[in-house]
Amino acid sequence: MPFLKLKKMPRSKILDDISKKNNLHHVVFTSNQKYFYIGDWKNNLKNGKGRSESKNHIMYEGDWKDGLRHGFGILSKMEPDGTIILLYEGGWAYGKYHGFGRLNLSNGKYYEGEMKNGLIFGNGQMWFNDGQFYDGQWKNNLFCGFGIFIYKNGNRYEGEWKEGLKHGRGIFYHIHSGQLQSGIWKNDYSICSTIEDAAFRACSLQATKYPILNIELEDWVNVYTEQEQVVLKDLVKTEESDKRGKEPIYECQLPLADWFYQECCVQTKMGNKYKFHQQLLCD
């Protein structure tokens, strides 16, 4: 009967199916011999466990899916003298770092924590080659959220960050001078804070000659709280420097009390407004 007649598959289709890589292949080279792969295949794509190496000796060993690094894997590089350097170890998703991982950067930094879409994102720790250290939240390779940063001179900041800068409420421990600064930061600058002698001031390496005097202003706590609310609500950045380190200018809708600012502030009266050129205290 005609409807039971089996269709004959074209020879070209049969040869094409035979040529597809499936299951384990020991070594598969590219046409230019600059890259090779050993491992599992499915439908002509890398799937499962496998190892690859490029011409510049970048090696990957781990999980694959649909031709991309996916799952758990280790990325490393072989130096000319035979030394193998670990570049990344951890989770992958469709060819990008994703999940928990350990990352060695070319500038000597080392990161351990969460990743997302190839970027540092989430909670993690970073060790810097100059002895500095950060532990906290990240977003797109920058400090963002709550975190702790320890400077190479021992000073320490605990508080909020945004786009890699101190931004929000925080506490800065001046370990070298034995002082404690608490307040609000904006774009890495302290714009509203109090400073007092810490309990460890007497044993600091560069302790101040004289202690900070007590505030004699009546009900100074409420005065400070009111000024703090003004800063949080009304302070708007009007001019942003092109480079970090240049003194930014902030505009406040209400003039703040003179006692509120430390000696490092330079005030310029402009009608009923003030512009404050705030210097960075922590560095």
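Under an unreviewed UniProt entry, the protein chain has the name MORN repeat-containing protein 3 and belongs to Clastoptera arizonana. UniProt, in its Subcellular location (unreviewed entry) section for the protein chain, records the words "Cytoplasmic vesicle, Secretory vesicle, Acrosome".

Caption draft 1: Focus on the pattern of salt bridges. Applying the stated rule across the entire model yields six salt bridges. For Glu53, the salt bridge identified is with Arg51, shortest N-O distance 3.4 Å. Overall, the relative accessible area of 12% leaves Glu53 in the buried class.

Caption draft 2: Molecular detail of the packing of aromatic side chains. According to the stated counting rule, one finds 23 aromatic pairs in the structure shown. Here the aromatic rings of Tyr60 and Trp64 are separated by 5.1 Å at their centres, their planes lie at 90°, and the arrangement is edge-to-face. In this pair, the class of Tyr60 matches that of Trp64, namely buried. Ring centres of Tyr157 and Phe172 lie 6.5 Å apart, and the angle between their planes is 40°; on these two criteria the pair is classed as tilted. Of the two residues, Tyr157 is situated in strand β12 (residues 156–162) and Phe172 in strand β13 (residues 165–174); the sequence distance between them amounts to 15 residues. An aromatic cluster of three or more residues is present, and its members are Tyr111, Phe128, Tyr134, Trp138, Phe143, Phe149, Tyr151, Tyr157, Trp161, Phe172 and Trp185. A cation over an aromatic ring shows up here: Lys116 above the ring of Phe121, its NZ or CZ 4.9 Å from the ring centre. The ring of Tyr157 has Lys166 lying over it, and the distance from NZ or CZ to the ring centre is 5.7 Å.

Caption draft 3: Broad picture of the pairing of strand β9 (residues 119–127). Relative to β9, strand β8 (residues 110–116) runs antiparallel, the two sharing six bridges. Residue pairing for β9: Glu112 is matched across the bridge by Gln125. Strand direction decides the pairing type here: β9 and strand β10 (residues 133–139), joined by six bridges, are antiparallel. Counted as the bridge partner of Met126 is Tyr134 from β10. Here β9 hands over to β10 after five residues, with Gly131 in that stretch at a positive phi of 100°.

Caption draft 4: Region of interest: a nonpolar patch on the surface. Taken together, the side chains of Ile215, Leu217, Trp220 and Val221 define a hydrophobic patch exposed on the protein surface, amounting to about 320 Å² of accessible area. Mapped onto the elements of the fold, Leu217 is located in the loop between β15 (189–197) and α2 (220–234). The exposure class assigned to Leu217 is partly exposed, which follows from its relative accessible area of 37%.

Caption draft 5: Focus on the environment of Ser204. Relative to the helices and strands, Ser204 resides in the loop between β15 and α2. Contacts of Ser204, omitting those with residues within four sequence positions, involve Ile175, His176, Ser177 and Gly178.

Caption draft 6: Layout of the pairing of strand β2 (residues 35–42). Bridge count between β2 and strand β3 (residues 45–54): seven bridges; the pairing is antiparallel. Bridge pairing links Tyr35 to Ser54 in β3. Taking the residues that link successive antiparallel strands as the turn, the β2-β3 hairpin has two residues, and the phi of Asn43 there is positive, at about 55°.

Caption draft 7: Layout of the environment of Gly50. Mapped onto the secondary structure, Gly50 falls in strand β3. Given the relative accessible area of 9%, Gly50 is considered buried. Placed 13 residues apart in sequence, Gly50 and Tyr37 show a C-alpha to C-alpha distance of 7.0 Å. Discounting chain neighbours no more than four positions away, the residues touching Gly50 are Tyr37, Ile38, Gly39, Tyr60, Glu61, Gly62 and Trp64.

The rules behind these values
Residue numbers run consecutively from 1 along every chain, following the written order of its sequence. For this predicted model, a pLDDT threshold of at least 70 governs which residues receive local features, and a threshold of 80 or more governs which side-chain atom pairs are given and counted, while totals over whole chains, interfaces and linings are taken from all residues. Only heavy atoms go into the side-chain values, all of them from the structure, while hydrogens and water stay out. UniProt positions are given in the numbering used here, feature names are shortened, and annotations may be inferred rather than shown by experiment. Salt bridge, as applied in this entry: a Lys or Arg side-chain nitrogen positioned within 4 Å of an Asp or Glu carboxyl oxygen. For each residue, the accessible area found with a 1.4 Å probe, counting protein chains only, is set against the maximum for its type, and the residue is called buried under 20%, exposed over 50%, and partly exposed in between. Pairs were defined over the aromatic rings of Phe, Tyr and Trp, the Trp ring being its six-membered one, requiring ring centres within 6.5 Å. Orientation was assigned from the angle between planes: stacked under 30 degrees, edge-to-face over 60, tilted for the rest. The helix count covers DSSP runs of H or I at least four residues long, the strand count covers runs of E at least two residues long, and both are numbered beginning at the N terminus. Geometrically, a lysine NZ or arginine CZ counts as sitting over a ring once it is within 6 Å of the ring centre and also within 35 degrees of the ring normal. Here, any two strands with at least 2 DSSP bridges between them count as paired. Excluding any residue in a salt bridge, patches collect residues exceeding 30% relative accessible area, merging like charges within 9 Å and nonpolar Val, Leu, Ile, Met, Phe, Trp and Tyr side chains within 5 Å. Surface exposure here means Shrake-Rupley accessible area, sampled with a 1.4 Å probe, where a residue is shielded only by the protein chains that are shown. Note on contacts: a residue pair is in contact if any heavy atoms of the two residues lie within 4.5 Å.

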